[in-house]
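In case you want the letters, here they are:
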Amino acid sequence: MLEFSKGTNILIGQMGAGKSSVMDAISFALFGKYPALQHRHLTMQDIITNRPVQMQEAQVRLEFNIGTDTYEVTRAISIDGVAKATLEKNGTYVQSQPQRVNEEIERILKIDYDLFVRAIYAEQNRLTYFLELSPSERKKEIDELLGLDLFANAQDSATTLVNRINDMVKDETNAAKGFDLEKLKQA
């Protein structure tokens, strides 16, 4: 069992000591996935112990507090790929379908997996990569990290739409100039 206290907690150790595994376990408990699994560097079967003996199931349990409420999420995967999840609040069942547990976790924490990975979980060597970027590349990465790129894309789309509408109005105005209203009234 590993217990974090309030404030900043730092995991220190040599390469291969298991620091990343702790973050992987937290991510997996909360969202049923973690970056190495999502990027297909590992499969579900890879995270089930196979030495010295092949195990049939792997399980992780995470307890966390929000205000006065204590939540416990448990996830298990079996060698045949079946995933299970349960979520309890103050010892009372909340949900047991993996996707519904994910949705409930997102609602409780007010973050989704993507934000968790971007803002909280830093893969090993990812920070060094970030620091070595040029200022413009770093700005682009920060914009993506914070989701600001979505606003820039929306602004670009809105500008394109406004320009198209203005062009259509101009075309209609030019077309209307060619009409002789007096002749149209007499017809």
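In the block above lies the structure referred to throughout.
Since this is a predicted model, take the numbers as computed values, not measurements. (Residues numbered from 1 in each chain as written. Predicted model: local features only at pLDDT ≥ 70, side-chain atom pairs only at ≥ 80, totals over all residues. Heavy atoms only, no water.)

Colleague: Which parts of the structure should I look at to understand the overall build of the chain?
Modeller: Counting its regular elements, the chain contains 8 helices and 4 strands. Walking the chain from its N terminus toward its C terminus, one meets helices and strands in the order α-α-β-β-β-β-α-α-α-α-α-α. Across the chain, the fraction of contacts at a sequence separation of at least 24, relative to all contacts at a separation of at least 6, is 39%. Of the roughly 14100 Å² of accessible surface on the chain, a fraction of 54% belongs to carbon and sulfur atoms. (Helix = DSSP H or I, 4+ residues; strand = E, 2+ residues; numbered from the N terminus. Contact = heavy atoms within 4.5 Å. Areas by Shrake-Rupley, 256 points an atom, 1.4 Å probe, with all protein chains shown as cover.)

Colleague: Please clarify how unusual backbone geometry should be interpreted in this entry.
Modeller: Only a minority of non-glycine residues have a phi that is not negative, and only a minority of peptide bonds are not trans. Of note, the phi angle at asparagine 90 is positive, near 55°, even though the residue is not glycine. Position of asparagine 90 among the secondary structure elements: in the loop between β3 (83-89) and β4 (92-95). In the Ramachandran plot, lysine 110 falls in the positive-phi region, its phi being about 65° despite a non-glycine side chain. Structurally, the position occupied by lysine 110 is in the loop between α3 (98-109) and α4 (113-119).

Colleague: Is there a simple way to explain the packing of aromatic side chains in this structure?
Modeller: Between two aromatic rings, the relevant description is the distance of the centres plus the angle of the planes. Counted under the stated rule, the structure contains 4 aromatic pairs. Relative to tyrosine 113, the ring of phenylalanine 31 has its centre 5.8 Å away and its plane inclined at 70°; by these criteria the two rings are edge-to-face. Of this pair, phenylalanine 31 sits in helix α1 (residues 19-31) while tyrosine 113 sits in helix α4, placing them 82 residues apart in sequence. Accessibility classification places phenylalanine 31 together with tyrosine 113 in one group, the buried group. Note on phenylalanine 64 and tyrosine 71: the rings are 5.4 Å apart at their centroids and 20° apart in plane angle, and the pair reads as stacked. A relative accessible area of 12% places phenylalanine 64 in the buried class. Judged by its relative accessible area of 7%, tyrosine 71 falls in the buried class. Three or more aromatic residues joined by ring pairs make a cluster, and in this case those are Phe31, Tyr113 and Phe116. Above the plane of the ring of tyrosine 113 lies lysine 33, whose end atom (NZ or CZ) is 4.6 Å from the centre. (Phe/Tyr/Trp six-rings, centres within 6.5 Å; stacked < 30°, edge-to-face > 60°. Buried < 20%, exposed > 50% of the residue type's maximum accessible area, 1.4 Å probe, protein only. Lys NZ or Arg CZ within 6 Å of the ring centre and 35° of its normal.)

Colleague: What exactly am I supposed to notice about the nonpolar core here?
Modeller: In summary, soluble globular proteins display a tendency toward joint burial of nonpolar side chains. Counting 24 residues, the largest nonpolar core has Leu30, Leu62, Phe64, Val73, Leu87, Ile105 and Phe116 as the members making the most contacts within it. Looking at this core, the elements that each hand over two or more residues are α1, β1 (57-66), β2 (69-78), β3, α3 and α4. Sort the elements by how many residues they give to this core and α1 lands first, with 5 residues. Setting aside chain neighbours within four positions, we find valine 73 in contact with Ala29, Val60, Arg61, Leu62, Phe64, Thr86, Leu87, Val101 and Ile105. (Core = buried A, V, L, I, M, F, W, Y, C linked by side-chain atoms within 4.5 Å.)

Colleague: Honestly, the side chain of serine 27 in this entry has me stumped. Any pointers?
Modeller: Position of serine 27 relative to the elements: it lies in helix α1. Serine 27 sits in the buried class, given a relative accessible area of 0%. With residues up to four places along the chain from it excluded, the contact list for serine 27 reads Gly32, Lys33, Tyr34, Pro35, Tyr113, Phe116 and Tyr121.

Colleague: Help me understand α3, please; the structure alone is not making it clear to me.
Modeller: Side chains of residues three or four places apart in an α-helix project in the same direction, reflecting 3.6 residues per turn. The terminal C-alpha atoms of α3 lie 16 Å apart, and with 12 residues this matches the ideal 16 Å at 1.5 Å per residue to within 8%. Every buried residue of α3 is accounted for by Val101, Asn102, Glu104, Ile105 and Ile108. Projected down its long axis, α3 carries its buried residues within an arc of 165°, all on one side. (Expected span 1.5 Å × (residues − 1). Arc of directions from axis to C-beta.)

Colleague: Honestly, a nonpolar patch on the surface in this entry has me stumped. Any pointers?
Modeller: Together, Ile142, Leu146, Leu148 and Phe151 line one region of the surface with nonpolar side chains, adding up to about 400 Å² of accessible area. Put simply, the parts of the chain that give the nonpolar patch at least two residues each are α6 (135-146) and α7 (148-177). (Patch = residues over 30% accessible without salt bridge, like charges linked within 9 Å, V, L, I, M, F, W, Y side chains within 5 Å. Salt bridge = Lys/Arg side-chain N within 4 Å of Asp/Glu carboxyl O.)

Colleague: How do you make sense of the side chain of aspartate 24 when you look at a structure like this?
Modeller: In this structure, aspartate 24 sits in helix α1. One buried charged residue, aspartate 24, remains without a salt bridge, the closest side chain of opposite sign being lysine 19 at 11 Å. (Lys, Arg positive; Asp, Glu negative; His and termini not counted.)

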